[in-house]
Amino acid sequence: MMIREGLFNRILLWAITIAGLIVIYAPPLYLLAVSFNPALQPGVPRLSDLSLTWYAALPHERALVGALQQSLIIATITAVLATGMSLLAALAYFELRATRTAWFLTVILPMFVPGVIQGLALSAVFTRSGIKASTLTVIAGHLLWAMPFAFIVILTSFAAVRRSYLTAAADLGATRWRQFVDITLPLIRPGLISAVIFSFLLSLNEFTRAFYLAGRQNTLPVVLFGKMNSGASPVIYAMSGAIFLVSVGCVALASVHFLLRRN
Amino acid sequence: MAISIQVDHVSREYGPVKALDDVTLDIKAGEFFTLLGSSGCGKSSLLKLIGGFDTQTSGRVCFDGKDVSGLAANKRPVNTVFQSLALFPHMSVAQNVGYGLRLRGLSGSSLDSRINDALDLVELSGFGPRNVNILSGGQRQRVALARALVMEPGILLLDEPLTGLDERLRQQMRDEFGRLHKRTGATFILVTHNQDEALSLSDRMAVMHKGRIEQVDAPARFFDAPANAFVARFIGIDTLLRPEKIDTANGQAEATIAGQTLPVRADGFLDPAASVVAIRPDRLFLAPQGAPSSLLLTVVGTTFRGLHRDLKLAFSDGQTLVIAIEADADIGQLTVGQKVPVGLKPDAAVLVSSAGMPQAG
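Residues numbered from 1 in each chain as written. Chains lettered and ligands numbered in written order. Predicted model: local features only at pLDDT ≥ 70, side-chain atom pairs only at ≥ 80, totals over all residues.

### Looking at the overall build of chain A
What chain A contains, in helices and strands, is 11 helices and 0 strands. Going from N to C terminus, chain A has its helices and strands arranged as α-α-α-α-α-α-α-α-α-α-α. In terms of C-alpha radius of gyration, chain A reaches 23 Å, well past the compact-globule figure of 18 Å for 263 residues. In terms of principal-axis extent, the alpha carbons of chain A reach across some 75 × 70 × 30 Å. For chain A, the residues scored as buried account for 30% of the 263 residues in total. Put simply, 75% of the contacts in chain A that link residues at least 6 apart link residues at least 24 apart. (Helix = DSSP H or I, 4+ residues; strand = E, 2+ residues; numbered from the N terminus. Rg over C-alpha atoms; globule rule 2.2 N^0.38 Å. Buried ≥ 20, exposed ≤ 12 C-beta atoms within 10 Å, placed from the backbone. Contact = placed C-beta atoms within 7 Å.)

### Brief notes about the interface of chain A and chain B
By a widespread convention, an interface's size corresponds to the accessible area lost as its parts come together. Counting residues at the interface gives 15 residues for chain A and 16 residues for chain B. The set of elements that each furnish at least two residues to the side of chain A that touches chain B consists of α7 (163-171) and α8 (176-205) of chain A. Looking at the side of chain A that touches chain B, the element that brings in the most residues is α7(A), giving 6 residues. Looking at the side of chain A that touches chain B residue by residue, the class counts come to 8 nonpolar, 4 polar and 3 charged. (Nonpolar A, V, L, I, M, F, W, Y, C, P; charged D, E, K, R; others polar.)

### So, unusual backbone geometry
Residue and element names in this part refer to chain B. The residue Leu85 is not glycine, and still its phi comes out positive at about 70 degrees. Looking at the element boundaries, Leu85 is found in the loop between β6 (78-81) and α2 (93-103). Leu85 gets classed as buried once you count the C-beta atoms within 10 Å, which come to 20. Despite not being glycine, Lys210 shows a phi value in the positive range, around 50 degrees. Of note, Lys210 is situated in the loop between β9 (204-209) and β10 (212-217). On the neighbour-count criterion, Lys210 (16 C-beta atoms within 10 Å) is partly exposed.

### Focus on the sheet that holds strand β20 (residues 339-344) of chain B
Residue and element names in this part refer to chain B. Strand order across the open sheet formed by 5 strands is β16-β20-β17-β18-β19, with antiparallel pairing between neighbours. Two strands close off the open sheet at either side, each with one partner strand: β16 (284-286) and β19 (320-326). With direction set aside, neighbouring strand axes in the sheet form an average angle of 50 degrees. With 6 bridges joining them, strand β17 (residues 295-304) and strand β18 (residues 308-314) adopt antiparallel strand pairing. The residue of β18 that forms the bridge with Thr298 is Ala314. (Pairing = 2+ DSSP bridges. Axes fitted to C-alpha atoms, helices over the stretch in contact; angles between N-to-C directions.)

### Here's the deal with the sheet that holds strand β21 (residues 349-353) of chain B
Strands pair in a sheet through their backbones, by hydrogen bonds, and they do so in one of two ways: parallel or antiparallel. All names here are of chain B. Read across the open sheet, the 6 strands follow the order β11-β15-β21-β14-β13-β12; overall the sheet is mixed. Looking at which strands have only one partner, the edges of the open sheet turn out to be β11 (239-241) and β12 (245-249). Neighbouring strand axes in the sheet, compared pairwise and without regard to direction, differ in orientation by 40 degrees on average. As defined by bridge partners, strand β14 (residues 260-266) adjoins β21 across 2 bridges and the pair is classed as parallel. What sits directly across from Arg265, in β21, is Val350.

Here is the structure:
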């Protein structure tokens with residue numbers, strides 16, 4: 001009786017898991033398959049037709065490569081700045097007492113402003129004050145977008161920092177700076193790493209704000225969207241496939257790293 | 001080098017709340033001094049001021065006569081074993097113990113040997129590379145001790161360090177504190193609400209109540225001459241009787257309670273309205289039937305307490321006292337309501353100020 005019940009439950013759990021995985025991974029895998037199809041029309045290729053034609057064409061697509069470069073630069077700068085600023089904001093939150101809730105809401109407010117409105121507003125303000133749309137304006141928009149998320153992630157990691165650790169460090173002779181470097185920073189490191197990854201991806205994906213704020217060089221999502229609407233060449237599938245493969249590769253590397261460290 | 005501490009008219013106010021109310025205290029260099037009191041009495045506030053984790057509202061804290069009020073915690077020759085221990089979770093045992101020395105610029109083999117010496121001192125030899133998060137409670141306690149002692153502080157503060165340990169470990173760590181105090185010669189200040197700890201370890205102790213110091217003395221003096229009713233009750237003299245009148249004859253004071261007279265030691269308190277008679281349960285005995293005795297009391301009941309029995313006796317006005325008698329003492333059959341004679345050994349009863357006496361009831 002018990003065994004049959006267990007078996008049924010196990011089958012149910014596996015079914016749900018597999019269904020979930022299919023929903024999550026089927027679309028990007030479909031895209032990946034399409035990217036290996038040499039035909040101009042999108043579709044899953046026959047095994048014999050698999051080809052790297054579009055990947056080979058990728059480096060020659062100036063617009064796409066330029067957009068990718070631009071996106072990577074913006075995402076990297078956004079990730080570093082958002083993490084740094086969120087760290088400062090989180091330290092302020094840690095020290096504040098009566099006003100900490102007000103401070104928390106102030107920092108995460110931009111998260112609730114729709115991208116269309118924020119992009120439009122920033123664009124209007126920049127134009128008005130004579131600031132030309134450029135890489136920097138996109139970064140400014142993306143900072144507003146990514147910082148609340150980075151802030152929350154870092155704040156969560158602050159749960160590991162008890163005030164008594166800092167008191168104990170002071171007791172042993174540590175200045176405020178040493179307390180920060182020796183105690184706080186190592187304890188919130190997982191949060192900082194998550195914040196960097198989070199803000200990098202948020203910036204890389206962001207469309208609306210970049211659409212309003214980009215200067216001469218558009219970011220990748222904007223360019224991809226444009227290409228798709230203008231009857232795309234299948235190179236965009238190769239671009240998407242390449243990004244997907246790189247992401248999977250990164251996750252695989254990280255997993256191997258952690259597995260090795262545990263052993 | 002042991003350091004002496006002078007606390008000079010110190011108050012610490014949190015808004016309208018006075019955590020410390022005009023406290024003056026002298027702690028000698030090398031002394032094991034205990035601040036004893038229930039929670040909220042201000043003992044931890046005083047410890048924070050000595051450690052430099054807080055600033056007093058008024059008054060001065062001096063080390064060896066020098067005002068340290070402006071000196072931050074990280075500059076004071078004081079180290080603390082915190083109630084929460086506050087071991088750094090991302091550091092190994094050795095890294096925890098060596099942290100303060102690394103801040104002083106020590107490294108390499110001199111650092112390692114100091115760490116090992118400190119670990120030897122608390123009997124944790126070889127524990128250096130261990131993870132502090134998976135040690136037992138007693139071991140974590142020892143790491144915290146080693147981390148403070150390795151700094152060779154002039155003053156070691158122990159903030160309720162035994163709270164949360166089981167009874168056997170408490171005993172063990174308590175002995176450890178005594179041993180380490182002798183070994184290091186530093187001034188030890190222990191904060192606790194546990195009177196056993198205070199009595200067994202301290203050279204002198206202070207009983208605190210509502211931000212004030214009620215009495216500072218050597219432990220034994222608290223039993224000979226408690227400063228007032230609060231102190232007497234706090235250290236375990238539970239029998240506090242209100243006298244009807246107090247007479248002095250031939251230099252010997254006598255208190256009258258419910259019509260019966262007993263000799264008391266009076267150190268100046270002679271006002272029956274403002275004083276109570278504190279009676280030590282260990283200096284009362286049941287007098288043999290027929291023998292001349294001081295008091296004749298009515299049996300209320302007995303309580304079995306393991307190694308002894310508590311015999312509760314009442315005066316005619318309803319006030320009660322408790323005598324501790326040996327569990328196997330031959331006291332015959334005592335029935336409730338029976339009258340028994342009670343004798344007093346010398347200095348069994350002391351007249352003390354009734355300050356801090358709870359309302360009768």
